[in-house]
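# Commentary on secondary and tertiary structure
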Amino acid sequence: MPISFQEKSKVFTIHTENSTYAFMIERLGLVTHLYYGERIYDESDLSYLTNAAAVGRPALYPEITYPEFEAGDAKYCPHARLQEYSGFGNGDYRTTSLQGRFADGSQTIDLRYHSHKIVEGAASLPGLPCVYANEGEKAHTLVLTLKDAAQELYAELYYTVIDGHDELMRSARIVNKTGAPFMIDSALSAIVDIRKKDFDVITFYGRQDSERFVDRSPIRHGKISCESTAGLTSHFSNNSLILCEHTATEDSGECYGAVLVYSGNYTVSAELDHAERVRLALGINPAGFCWKLEDGEAFDTPQAILSYSNKGLGQLSRGFHNLIRYNICRGKWKDARRPVLINSWEAAVFDFDEDKLVEIARGAKEFGVELLVMDDGWFGNRTWDDSSVGDWTPNKNKLPGGITGLCKRINDLGMDLGIWFEPETISENSDLYRAHPDYSVQVPGRAPTRGRWELLLDMTRKEVRDNIYNQVAKVLTDSPIAYVKWDMNRYITDAYSLALASDQQGEFYHRYVLGVYEFMERLHQNFPHVLLENCSSGGGRYDVGMMYYSPQIWCSDNTCPTHRMKIQYGSSLIYPVSTMGSHVAFSPNINTFHDASVLTRSISAMAGTFGFELDPAHESEQSKKEMLLATNLYKKHYFTINHGDYYRLVSPYEQAVPTSRISAWQFVSKNQESALFSLVQLDNVNDSADFFVKLKGLDSRKTYKLHRYFDSRNGKEQGFTTYLDEAELGIFSGEVLMKAGLHLQLLRGDNMSTLIELEAL
Ligand code: DGJ
């Protein structure tokens, strides 16, 4: 059984495909962690692993002991225990799971075993995104209820596993039956104590245009944490973290991954304690948070996803990719091939009208594009970014025939129309603001801060959400819109709602996220055919919570393919390429002024959702021919890319050969019949290094035919222009390709690329 309880030893054991997680009920109801690691198949009693049973000195002086303990029981002190969910104020001095105040102002929480049940099915969290089981998949959930030793305060802990997956989903529900309000100051989703310390911690950092860069450094005593107080996940860090052995590589070593299914303020941390154990902690950031839980009410934390791999980072990532693609993403677009789109933003910014958009669409159709996205600027009196957000009616100067007229012309081309909204903000220069200034988020008596000239809409209030929802729904109902880009271009400041009492203002940030989720759920339910792409000034809200509503998220506003190498490589540690919005943009790039060939830009976009973000009128006939080839290649390999396995081969963060950084990766179809190898050379200086890349994930018994697309360069006479060339590379066995590797001559020049198709014979 994936989840079991041994009555005699009082040990709970949870198995995933390749891991085992165990904890026990100790004396006096303490629920303490025993093991998380490689799968243990036999049914040995793991209770000997409790550190209460360890011989030797107590783990902490001066010891704090539980009230019931007797002399000699010092090893039972809370700070030494590996607790499944620990309360603040009774002697555990690390990050605790639950902190709050009872009606008398006291803060001590002492959680002990109360009851448990093991049920079929996955846990579901009201109003929150979470992992679900598909039809035919078996999920198992343990609900473990802890109770405070003195008060009727409960913590229900949910543990879900799904057959065939390696992830363990955890969340907590805090239930108040104390007869009076309980103020929650912090309720984390999960803590996990890992009894080992030779780890590196991998976190993600960044800023706009450089999101989710990888930071890998050895753990040290104290706490390494990533947090957001921006109200969104933010560009600065991501709500995921990996612990891996110092020596762990893509293919070897123990790794633990932790991801929060949430889109608001968060904390994720790894804390190496006095006794050389690491506590992972994930949940809503306590900063700015306080929740008044009335008697009889319950509070659900977001879900945390934990995973373990003893085969390196690659396996850990592929597990997350599968879970996110198939057990987080929902609806039609999780399986169906998504349209190749062209977005108007970099082509036109605010400067377009109906004719211009039709011209972009017509031009893009020539290279296989199927959908035009009309980005920002189509509504109200919008000509720049300082007005009209909140007025979701077409700008008659730009769109004389309205959305319906434009949609008809795009449909007549045999293409679909997509449209941009920014539903969470409001311009002061808008009809909506003039009619409902109270809809905006402001602290009474205090001048509000603005983000890109905008104020926030109070998404905690249903009437505010309804107003925007009705406007959006009208646009989607009046015309057959196939795609929506949901943008969010500012962080939260002045968190305050006119609808909340003064002792509930600490609920604002979380209620805001719940409001956004409710809005997106309505869209998902009522417009199931619409493909929703999230965006937040690029990748400022790139998280698993959002992926529950939108299967793709604009990864970054930086469309430069060479910079995207690092952004997409970092993102791939947790997130599947099917979620990474990525486009072929102008060359030179508008962000970095870097030149890149069509192939390089296409290879970068193919490690994502593949689309375009340029004006076809500015492209040469040669470029358009190459773009058509790239689009056709993408369509041909769509299922291998989006539903296959992803292998990172060479990291863009490292110097692969003395004068060149290289980024290389590979997609392999699940049946190992086809694969796609991609390589981009960065900063190359005519390197003559003998360069091999070992491929991964192929069937060693199969033979594969290799066809190569690569950048060639014309000579001086042609101004060193780059063009796309092709060559047959021959037939090789999977074994040779994986053991001896591909032998590649590096190409001369920066940002040159190679794409190799592998088809099994
Ligand atoms: C920020 C997004 O990241 C861009 O792609 C674009 O949609 C602009 N907003 C429009 O204002």
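Residues numbered from 1 in each chain as written. Predicted model: local features only at pLDDT ≥ 70, side-chain atom pairs only at ≥ 80, totals over all residues. Heavy atoms only, no water.

## Structural notes on the overall build of the chain
Rules: Comment: elements are numbered from the N terminus, with helices defined as DSSP H or I runs of at least four residues and strands as E runs of at least two. Using a 1.4 Å probe on the protein chains alone, a residue whose accessible area is under 20% of its type maximum counts as buried, one over 50% counts as exposed, and one in between counts as partly exposed. What sets the accessible areas is the Shrake-Rupley method with a 1.4 Å probe; for residues, cover comes only from the shown protein chains. In summary, the charge assignment counts Lys and Arg as positive and Asp and Glu as negative, without counting His or the chain termini. For the purpose of locating charges, the reference atoms are NZ of Lys, CZ of Arg, CG of Asp and CD of Glu.
Looking only at helices and strands, the chain has 14 helices and 40 strands in total. The dimensions of the chain, computed from C-alpha atoms along their principal axes, are 90 × 70 × 45 Å. Here the chain, with 761 residues, has 64% of them falling under the buried criterion. Put simply, the chain shows about 27000 Å² of open surface, and 50% of that area lies on carbon and sulfur atoms. Distance from the positive charge centre (76 side chains) to the negative charge centre (100 side chains) of the chain: 2 Å.

## So, the environment of Trp291
Stated formally: Residue contacts are counted whenever heavy atoms from the two residues lie within 4.5 Å of one another.
Mapped onto the secondary structure, Trp291 falls in strand E18 (residues 291-293). In this structure the C-alpha to C-alpha distance between Trp291 and Gly100, which are 191 residues apart in sequence, comes to 9.0 Å. Setting aside residues no more than four positions away along its own chain, Trp291 makes contact with Phe182, Met183, Ile184, Phe299, Glu507, His510, Arg511 and Leu514.

## Some details on the sheet that holds strand E28 (residues 552-554)
To keep it simple, the criterion reads: Pairing between two strands is assigned when DSSP locates at least 2 bridges connecting them.
The strand order across the open sheet formed by nine strands is E29-E28-E27-E26-E23-E22-E21-E31-E30, and the pairing between neighbours is parallel. For this open sheet the edge positions go to strand E29 (580-581) and strand E30 (583-585), each flanked by a neighbour on one side alone. Summarising the sheet, E28 and E29 pair through two bridges and their orientation is parallel. If you follow Ile553 over to E29, its bridge partner there is Met580.

## Points about the packing of helix H7 (residues 462-478) against helix H8 (residues 508-526)
To keep things clear, this is the line we draw: Only the contacting stretch of a helix is used when fitting its axis, a line to C-alpha atoms as for every element, and angles between N-to-C directions run 0 to 180 degrees. Orientation labels follow simple angle bins: below 35 degrees gives roughly parallel, above 145 gives roughly antiparallel, 65 to 115 gives roughly perpendicular, and whatever is left gives oblique. Each crossing gets its handedness from the near helix: less than a right angle anticlockwise from the far helix is left-handed, clockwise is right-handed.
With their axes 11 Å apart at the nearest point, H7 and H8 run at an angle of 25 degrees to one another. Classified by the angle their axes make, H7 and H8 are roughly parallel. In the crossing of H7 with H8, the sense of the turn from one axis to the other is right-handed. Mapping the contact onto sequence places Arg465, Asp466, Ile468, Tyr469, Val472 and Leu476 in H7 and Gly515, Glu518, Phe519, Arg522, Leu523 and Asn526 in H8.

## Things to note about the environment of Ser237
Short version of the rule: Polar contact criterion, stated in full: a pair of N or O atoms within 3.5 Å, where within protein one must be able to donate a hydrogen and the other to accept it, and residues adjacent in sequence count only if both atoms are side-chain atoms.
Mapped onto the elements, Ser237 comes out in the loop between strand E13 (222-227) and strand E14 (240-245). Overall, Ser237 belongs to the buried group, its relative accessible area being 9%. Discounting residues that sit within four places of it in the chain, Ser237 has contacts with Phe204, Tyr205, Cys226, Glu227 and Tyr266. Within the local environment of Ser237, its side chain forms a polar contact with the backbone oxygen of Glu227, the two atoms lying 3.5 Å apart.

## Notes on the sheet that holds strand E2 (residues 11-15)
Strand order in the open sheet formed by four strands is E1-E2-E3-E4, and the pairing between neighbours is antiparallel. Because the sheet does not close on itself, it has two edges, and the strands there are strand E1 (3-6) and strand E4 (31-38). If you compare each strand with its neighbour and ignore which way they point, the axes differ by 15 degrees on average. Bridge analysis of E2 against strand E3 (residues 19-25) gives five bridges, and the strand direction is antiparallel. Among the inter-strand pairings, Phe12 is bridged to a residue of E3, identified as Phe23.

## Some remarks on the nonpolar core
Soluble globular proteins tend to pack their nonpolar side chains together in the buried interior. Cut-off, in case you're wondering: Only buried residues count toward a nonpolar core. Its members are Ala, Val, Leu, Ile, Met, Phe, Trp, Tyr and Cys residues joined through side-chain atoms within 4.5 Å.
Membership of the largest hydrophobic core comes to 188 residues, with the highest contact counts inside it found for Tyr85, Ile184, Leu243, Trp378, Ile419 and Phe612. Looking at this core, the element that brings in the most residues is H8, giving eight residues. If near-sequence neighbours (up to four positions away) are discounted, Leu243 is found in contact with Ile194, Phe199, Asp200, Val201, Ile219, Glu254, Cys255, Tyr256, Ala270, Val278 and Leu280. Among the nonpolar cores identified, the runner-up in size contains 23 residues, and Val657, Phe677, Leu695 and Leu744 belong to it.

## Some remarks on the site of the ligand
The line we're drawing: For this purpose, a residue is taken to be near a molecule or strand whenever a single non-hydrogen atom of the residue falls within 4 Å of it. Classification used: nonpolar for Ala, Val, Leu, Ile, Met, Phe, Trp, Tyr, Cys and Pro, charged for Asp, Glu, Lys and Arg, polar for all others including Gly.
Lining the immediate environment of the ligand, one finds 13 residues, of which Asp375, Asp376, Arg452, Asp487 and Asp557 sit closest. At a separation of 3.5 Å, an oxygen atom of the ligand approaches a polar side-chain atom of Trp554. At 2.5 Å, a side-chain N or O of Asp557 approaches an oxygen atom of the ligand. In isolation the ligand exposes 290 Å². Once the protein is present, 98% of that is buried. Looking at side-chain class alone, the shell around the ligand contains four nonpolar, three polar and six charged residues.

## Overview of the pairing of strand E23 (residues 416-421)
Worth spelling out the cut-off: With strands facing away from the observer, any crossover in which the path from the first strand over the helix to the second runs clockwise is taken as right-handed.
Along E23, five of the six residues are buried, which leaves the element largely enclosed by surrounding structure. The sheet contact formed by strand E22 (residues 371-374) and E23 spans four bridges and is parallel. Across the sheet, Val373 pairs through a bridge with Gly418, a residue of E23. Read as a crossover between parallel neighbours, the route from E22 over helix H5 (residues 402-412) to E23 is right-handed. Where E23 and strand E26 (residues 481-486) come together, five bridges link them in parallel fashion. The residue of E26 that forms the bridge with Gly418 is Tyr483.

## Focus: the pattern of salt bridges
Our working rule: Salt bridges are defined by distance alone: a side-chain nitrogen of Lys or Arg within 4 Å of a carboxyl oxygen of Asp or Glu.
Within this structure, the stated rule accounts for 50 salt bridges. Across the salt bridge formed by Arg541 and Glu424, the nearest N and O atoms sit 2.6 Å from each other. Linking Arg541 in the loop between strand E27 (531-534) and helix H9 (544-547) with Glu424 in the loop between E23 and strand E24 (425-427), this pair joins segments that are 117 residues apart in sequence. Overall, Arg541 belongs to the buried group, its relative accessible area being 3%. Glu735 is paired through a salt bridge with Lys739; the nearest N and O atoms lie 2.7 Å apart. Remark: Lys739 and Glu735 occur in helix H14 (residues 734-739); sequence separation between them is four residues, near one turn of the helix. On the accessibility criterion, Lys739 (56% relative accessible area) is exposed. Put simply, Asp92, Arg94, Asp193, Asp273, Arg277 and Arg279 are held in one network by salt bridges that share partners.

## Remarks on H5
Residues of H5 that are buried: Gly402, Ile403, Leu406, Cys407 and Ile410. Taken together, the buried residues of H5 touch helix H4 (354-365), E22, E23, H7 and E26.

## Brief notes about the domain arrangement of the chain
Counted only if it meets this: An automatic or database domain assignment supplies the residue ranges for each domain. Buried area: the accessible surface (1.4 Å probe) lost by two parts on joining, summed over both.
According to the domain assignment, the chain consists of domain 1 (3-327), domain 2 (341-420 + 467-487 + 523-554) and domain 3 (645-760). Computed over C-alpha atoms only, the centres of domain 1 and domain 3 are separated by 41 Å. Taken together, the contact pairs twelve residues of domain 1 with seven residues of domain 3. For the pairing of domain 1 and domain 3, the buried interface totals around 760 Å² over both sides, and the portion due to carbon and sulfur atoms is 41%. At the boundary of domain 1 with domain 3, the tally comes to two salt bridges. The salt bridge partner of Asp251 is Lys696, with a shortest N-O separation of 2.9 Å. The interface formed by domain 1 and domain 3 includes seven residue pairs in polar contact (both at pLDDT 80 or more). Breaking the side of domain 1 that touches domain 3 down by element, the ones donating at least two residues are strand E12 (210-218) and helix H1 (312-327). Element by element, the count of residues in the side of domain 1 that touches domain 3 is highest for H1, at seven residues. Of the residues assigned to the side of domain 1 that touches domain 3, the class counts are three nonpolar, four polar and five charged.

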